[in-house]
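# Structural features, examined
Residues per chain are reported as follows:
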Amino acid sequence: MKKLIFYFAFVSSMLVLFSSCKKDDDNNDDINNEDNKTKKNYVVAASYGDLISFSIDKENMSYSFNNETTNQTGNGSFVMSPNPRLSGVYEVNQSGTTQYIVEIPDVITITSLQLGNPLNKMAVGLSADLHNSNTYTIADFAGKYLYMNFDDGEKYPGEFWGGTQINSDGTYTVGPGDENITNFSFVGYGNGNMSIDENDNSRILFYEIGSTEPVIGIVLPGKALLIDNGIGNGFSLGVAYPNSPVSQSSLAGSYKGILLTTGSGQGAMNFEIPASGSGLSYYVKFNSGETYDVVNGSSATNVVNSFERVSTLNNVFKMVQTITLDGDPPFESTAYFVMLPGDILMYFGIEEDDQNNEYVAAYGISGKIN
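Notes on the structure follow.

### Re the sheet that holds strand 17 (residues 235-240)
Pairing in this closed barrel of 8 strands is antiparallel, and the strands run 10-11-12-13-14-15-16-17 around the ring. With direction set aside, neighbouring strand axes in the sheet form an average angle of 30 degrees. As judged from the 4 bridges shared by strand 12 (residues 171-176) and strand 13 (residues 190-196), these two strands associate in the antiparallel manner. Bridged to threonine 171 within strand 13 is asparagine 193.

In structure tokens, the structure reads:
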């Protein structure tokens, strides 16, 4: 069973320490100060398991990266998407293929860029700048988080998600979610201690009990945590789990990001959540050329039957839709949305294989960009 990779059976024993962004030397302070006016820096983990420093300069429409796992660096330029359904998304031409960058400045970035490794299909980063401008202590990271694992492979629902709790003294616990997507635990998978990397305060080191080597992550207090799971194991992203149920009205807006599926591959997505009701709109454009466009809950092939919060989970919403394809009988499809209101949407869709076993066939991450 694959677990959140706080649990060290899935982590390389090599400790990788790296800087949150490519910083200039002291004798380049003037240049560095100029860059800081527009550049946003992120601690990034990618779907193959790479650790990456990533910077976005929106004013100059450029990006740069340092992949600490593959020792590859690079940079490039982007344009604003001309597609009205992807308004606010950055587009990059990479080897003849359109790739995407989504950014909520000082919070999260999500991209389909390979960033120094052709095996990466998605990379996600949380803001390093917030750590550089605030003096956080371990106690600031305390809270409960609901996480999902991302590593480009098919997953069974009970192995895909769960909870982690960080305590004010720096101890943490990790637990599983169930296959029915109705309940999860903050204990049962492992526990350990965390500390701030003395060489880079945007990096958090997680030490499983009994291990001398940490895994590396980043935490945005009260919002999200990101853990690199090691080469070949992708990453885990968690969002703050609220103490009480969130309302659909608090989630309303447009969430744009990156989607991966086992059938159609990689693409950009936009979920538009209404303040009430099931009239959800969504748009997906795959690199394969396929597009799906559902407006106010319906299209020629898709009808959204329901969109409502899972009654036992405070920030997870369930969408059920009927899909009718040429030559095939109609079938139901179920998808789940894990929400950080106003910022982040994590998505996964459930299907059945040939043996009628459920598996996660599609998953993605979006940021709220209206």
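### A short note on the environment of aspartate 200
Relative to the assigned elements, aspartate 200 resides in the loop between strand 13 and strand 14 (204-208). On the basis of relative accessibility, which here comes to 6%, the residue aspartate 200 falls in the buried class. When the C-alpha atoms of aspartate 200 and histidine 131 are compared, they prove to be 9.1 Å apart, with 69 residues separating the residues in sequence. At 2.8 Å, the side chain of aspartate 200 forms a polar contact with the side chain of serine 202.

### Section: the pairing of strand 20 (residues 281-286)
Counting buried residues in strand 20 gives 5 out of 6 residues, a clear majority hidden from the surface. Here strand 19 (residues 265-273) pairs with strand 20 via 6 bridges, running antiparallel. Note that in strand 20 the partner of phenylalanine 271 across the bridge is tyrosine 282. Of the strand pairs in this sheet, strand 20 and strand 21 (residues 291-294) are connected by 4 bridges, and their pairing is antiparallel. Across the sheet, residue tyrosine 283 finds its bridge partner in strand 21, namely aspartate 293.

### Structural notes on the environment of asparagine 270
Secondary-structure assignment places asparagine 270 in strand 19. The exposure class of asparagine 270 is buried, given its relative accessible area of 1%. Once the C-alpha coordinates of asparagine 270 and leucine 86 are considered, the two residues, 184 residues apart in sequence, prove to be 6.7 Å apart. When sequence neighbours within four positions are dropped, the list of residues in contact with asparagine 270 reads Arg85, Leu86, Ser254, Tyr255, Lys256, Ser281, Tyr282 and Tyr283. At a separation of 2.6 Å, a polar atom in the side chain of asparagine 270 contacts the side chain of serine 254.

Reading the values: the criteria
Residues numbered from 1 in each chain as written. Predicted model: local features only at pLDDT ≥ 70, side-chain atom pairs only at ≥ 80, totals over all residues. Heavy atoms only, no water. Pairing = 2+ DSSP bridges. Helix = DSSP H or I, 4+ residues; strand = E, 2+ residues; numbered from the N terminus. Axes fitted to C-alpha atoms, helices over the stretch in contact; angles between N-to-C directions. Buried < 20%, exposed > 50% of the residue type's maximum accessible area, 1.4 Å probe, protein only. Polar contact = N/O pair within 3.5 Å; in protein donor to acceptor, adjacent residues only side chain to side chain. Contact = heavy atoms within 4.5 Å.

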